[in-house]
Amino acid sequence: MDNLEELYREIILDHYRSPRNRGELAVPPAHRTEGFNPLCGDEIVLTIEVDDGVIADVKIAGHGCSISQSSASLMSTGVKGKPVTDARALMGSFKRMMTVGDDADDSPVDLRAMGEIAALQGVVKFPVRIKCATLAWNTLDQALTEMGA
Ligand code: ZN
């Protein structure tokens, strides 16, 4: 294992053991969306508040494997306080990072711009875990769509 893989492993474990933005916001004003990954038994409960086009607050509850829960924690840190347009761009980059093989959109993902979230790129080598990693992002996507944000 090289140094970068070791660093990425540490980031994922850190977010699993000490998840950021853990809990649930009051509904309303927050919006609540649940996501499930039946293949692994992962569950994400996302509560999110969007104010004037900006993700004012986001919290994560639920349970599941280390990949699903650390991905949710990393997602929350990446989008909290950001405009919805930035969050959607980050979501797009993440899904491209998690795409195996040839894709219609093969433009390179700017991993540096993704910060700690890039730690999850190694998951793409384990196709069975990709749904674990993308669960929180798909749940965010669903929440923003439901809110019309
Ligand atoms: Zn999982």
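Residues numbered from 1 in each chain as written. Predicted model: local features only at pLDDT ≥ 70, side-chain atom pairs only at ≥ 80, totals over all residues. Heavy atoms only, no water.

How should unusual backbone geometry be read in this particular structure?
Residues apart from glycine generally show negative phi values, whereas peptide bonds are mostly found in trans. The linkage connecting V27 with the following residue, P28, adopts the cis geometry, with an omega of -20 degrees. Checked against the element boundaries, P28 lands in the loop between α1 (3–17) and β1 (31–37). For N21, which is not glycine, the phi torsion reads 55 degrees and is therefore positive. Tracing the backbone shows N21 in the loop between α1 and β1. Classification of N21 as buried rests on a relative accessible area of 17%. You will see that D52, though not glycine, has its phi angle at about 55 degrees, which is positive. (Helix = DSSP H or I, 4+ residues; strand = E, 2+ residues; numbered from the N terminus. Buried < 20%, exposed > 50% of the residue type's maximum accessible area, 1.4 Å probe, protein only.)

So what exactly am I meant to see when it comes to the coordination of the zinc ion here?
Tetrahedral coordination by four donors sets the ideal angle at the metal to 109.5 degrees; octahedral coordination by six donors sets it to 90 or 180 degrees. Protein coordination at the zinc ion: the donors are C40 (SG), D42 (OD), D42 (OD), C65 (SG) and C132 (SG), at 2.1 to 2.8 Å from the metal. Counting gaps between the donor residues of the zinc ion yields the pattern C-x1-D-x22-C-x66-C. Taken together, the residues span a long stretch of sequence, with C65 in the loop between β3 (54–63) and α2 (66–79) and C132 in helix α4 (residues 127–147) at a distance of 67 residues. (Donors = N, O, S within 2.8 Å, 3.2 Å for Na, K, Ca; no water.)

Explanation requested: the packing of aromatic side chains in the structure shown.
For any two aromatic rings, the description comes down to two numbers: the centre-to-centre distance and the angle of the planes. Across all of its chains, the model carries one aromatic pair by this definition. On the numbers, 4.5 Å between centres and 10 degrees between planes, the contact of F94 with W137 is stacked. Within this pair, whereas F94 is found in helix α3 (residues 84–97), its partner W137 is found in helix α4, the two being separated by 43 residues in sequence. Each of the two residues, F94 as well as W137, counts as buried. (Phe/Tyr/Trp six-rings, centres within 6.5 Å; stacked < 30°, edge-to-face > 60°.)

Looking at this structure, how should I read the environment of E34?
Mapped onto the fold, E34 is located in strand β1. For E34, a relative accessible area of 34% gives the class partly exposed. Linking E34 and T139, residues 105 residues apart in sequence, is a C-alpha distance of 6.7 Å. Contact partners of E34, with chain neighbours within four places excluded, come to I44, V45, T139 and Q142. Within the structure, the side chain of E34 is placed 2.6 Å from the side chain of R32, a separation counted as a polar contact. (Contact = heavy atoms within 4.5 Å. Polar contact = N/O pair within 3.5 Å; in protein donor to acceptor, adjacent residues only side chain to side chain.)

Teacher, can you tell me more about the nonpolar core here?
Where a protein is soluble and globular, its nonpolar side chains tend to be buried together. With 37 residues, the main nonpolar core has F94 and L120 as its most contacted residues. Secondary-structure elements contributing two or more residues to this core are α1, β2 (42–51), β3, α2, α3 and α4. In contact with F94, other than residues within four places in its own chain, are S71, M114, I117, L120, A133, T134 and W137. (Core = buried A, V, L, I, M, F, W, Y, C linked by side-chain atoms within 4.5 Å.)

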